[in-house]
Each structure stands twice: as structure tokens, then as C-alpha cells.
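Geometric and topological summary
Spelled out from the first residue to the last, the chains are:
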Amino acid sequence: MQTTVSENQRLDIIATVAHYGKRLFGFIRGRVSTDEDAEDILQDVWYQLSNQPEANAIEQISGWLYRVARNKITDRYRKQKEALLDDFAYEDEEGGINFKEILLAETFSPEDEGLKKIFWDQLFLALNELPENQRYVFIQNELEERTFQELANETGENIKTLISRKGYAVKHLRSRLQNLYQEFINY
């Protein structure tokens, strides 16, 4: 249902925009990375104000505007985090999250670089929890891209043993990184 804005409400909104526009933009701009993001958020705040059926009944309009702006900024950061993770992570055939794309991706923004660093740190913490033989097989096969045959020739171990060790490592790492993924998307 579309609400119609009376002429008085429209004039009140115009006066509010004129009175609070610059200060509110400065407030938002100090909390986001670009002018464009600040302008988008400010536009969302004005849109929300214009859709208030009783906008002139808001007692503390400045407090209301800043609260809406803070909420919009928070929403934008949450969406950006989810988008960053969704760009890199994907589910494999077993329903697990695969983070190889994050770990090996070339980064282009500070957010990407920060995310990549967090995942590398968490990967190495999780790898250090593994028994040495599982850690070695995982690192050699996944990160160094060596074949199981090469590893079997080097270590004298059966290929099936090496595959099994890697499977245990993957299960552990998937669990650890899945938890990290959930923390990011639920933030």
C-alpha cells in the first residue's frame, strides 16, 4: 500500500533534509570508506524518513536520523562481509565449505587482504593441531600441488594411506574453517 505524502509532510521533509543533510552526511562519511557509500546510506535514511506515515510526529528527529544512519551503516558492513565470503567460499559435493579460493586468490582491496590474512592465520593454527603426517600430506598435496604418487615415492607410504591421512586432515580443517565462516556470516 503506497502512502501519499501531504504537501505539509513534503515541506517538513525538505526542511529536515536542508537542516540535517550536511551534518548527517559527515557523520556517515566518517564511518564508511567512500563518498558513494555515504551518499547511498544517506539516501536510504531520507527514503526511510519519507516512508514514515507520521514523520512529523517523531519527537527527536535528529536522534531518529542518526539511529537510522547507524543501522544502515551496520547493515552495509554485514552485507559486505557476507558478499566477500560468498565471493570466495563455495560448497563442495559433500556440502562442506571450500576456502582454497580465499587462500590462493590475488587480492585487490584492503578488505580482501584482511580476509585472506585471517584465513591463512586460521589455516595454520588448524594445521598445527593435526598430527605431523596428516599435516605434511595436506600441505604437499593441496598447497604444493604434489601428487599422491610423488608423495608415495618420497615417503615409501602406500597411496591409500596418504589419501586417508589427507581425508582426516581435510575433515578437521573443514570443521575449523566452517566455524570461522559461520562466525563471519553471523556477525
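Higher on the page you've got the structure.
Heads up: these notes are all about the structure in this document. (Residues numbered from 1 in each chain as written. Predicted model: local features only at pLDDT ≥ 70, side-chain atom pairs only at ≥ 80, totals over all residues. Heavy atoms only, no water.)

Quick notes on the overall build of the protein chain
Helix and strand content of the protein chain: eight helices and two strands. A burial count over the protein chain gives 33% of its 187 residues as buried. Sequence separation of at least 24 residues holds for 56% of the intrachain contacts in the protein chain that already meet a minimum separation of 6. When the accessible area of the protein chain is evaluated, it comes to approximately 12,100 Å², of which 49% is carbon and sulfur surface. (Helix = DSSP H or I, 4+ residues; strand = E, 2+ residues; numbered from the N terminus. Buried < 20%, exposed > 50% of the residue type's maximum accessible area, 1.4 Å probe, protein only. Contact = heavy atoms within 4.5 Å. Areas by Shrake-Rupley, 256 points an atom, 1.4 Å probe, with all protein chains shown as cover.)

Examining helix H7 (residues 148-155)
What H7 keeps buried is the set Phe148, Leu151 and Ala152. Here the buried residues of H7 occupy an arc of 100 degrees about the axis, which is enough to place them on one side. Directly beyond the C-terminal end of H7, a positive phi value near 80 degrees is found at Gly156. (Arc of directions from axis to C-beta.)

Some thoughts on the pattern of salt bridges
Scanning all chains against the criterion turns up five salt bridges. Note that Asp35 and Arg29 form a salt bridge whose closest N and O atoms lie 2.5 Å from each other. Residue classification places Asp35 among the partly exposed positions, given a relative accessible area of 37%. For Arg29, a relative accessible area of 28% translates into the label partly exposed. Residue Arg146 pairs with Glu154 through a salt bridge whose shortest N-O separation is 2.6 Å. On the basis of relative accessibility, which here comes to 43%, the residue Glu154 falls in the partly exposed class. (Salt bridge = Lys/Arg side-chain N within 4 Å of Asp/Glu carboxyl O.)

Section: unusual backbone geometry
The backbone of Glu145 shows a phi angle near 55 degrees, a positive value even though the residue is not glycine. Position of Glu145 among the secondary structure elements: in the loop between helix H6 (132-143) and H7.

Remarks on the side chain of Thr16
On the secondary structure map, Thr16 appears in helix H1 (residues 7-29). With residues near it in sequence (within four places) discarded, Thr16 still touches Gly21, Trp46, Leu49, Ile61 and Leu65.

Some remarks on the packing of aromatic side chains
Under the defined criterion, the tally for this structure stands at one aromatic pair. Their ring planes at 80 degrees and their centres at 4.9 Å tell us that Phe27 and Tyr66 sit as a pair that is edge-to-face. Here Tyr66 lies in helix H3 (residues 61-88) and Phe27 lies in helix H1, a separation of 39 residues in the sequence. (Phe/Tyr/Trp six-rings, centres within 6.5 Å; stacked < 30°, edge-to-face > 60°.)

Brief notes about the packing of H6 against H7
The contact between H6 and H7 brings their axes to 10 Å, and the two run at 135 degrees. Between H6 and H7, the interaxial angle falls into the category oblique. Once H6 is placed against H7, the crossing between them reads as right-handed. In this structure, H6 contributes Tyr136, Val137, Gln140 and Asn141 to the contact, and H7 contributes Phe148, Leu151, Glu154 and Thr155. (Axes fitted to C-alpha atoms, helices over the stretch in contact; angles between N-to-C directions. Parallel < 35°, antiparallel > 145°, perpendicular 65-115°, else oblique. Left-handed = near helix turned anticlockwise from the far one by under 90°.)

Brief notes about the environment of Ile41
Considering the arrangement of structural elements, one finds Ile41 in helix H2 (residues 35-50). Relative accessible area serves as the criterion here: at 1%, Ile41 is assigned to the buried category. Taking the C-alpha atoms as reference points, Ile41 and Ala69, 28 residues apart in sequence, are found 6.9 Å from one another. If near-sequence neighbours (up to four positions away) are discounted, Ile41 is found in contact with Ile28, Val32, Ala69, Lys72, Ile73 and Arg76.

Section: the nonpolar core
Of all hydrophobic cores here, the largest spans 19 residues; its most connected members are Leu24, Ile28, Trp46, Leu49, Ile61, Trp64 and Leu65. Those elements giving two or more residues to this core turn out to be H1, H2 and H3. In this structure, Trp46 is in contact with Thr16, Val17, Tyr20, Gly21, Leu24 and Leu65, ignoring residues within four places of it in sequence. (Core = buried A, V, L, I, M, F, W, Y, C linked by side-chain atoms within 4.5 Å.)

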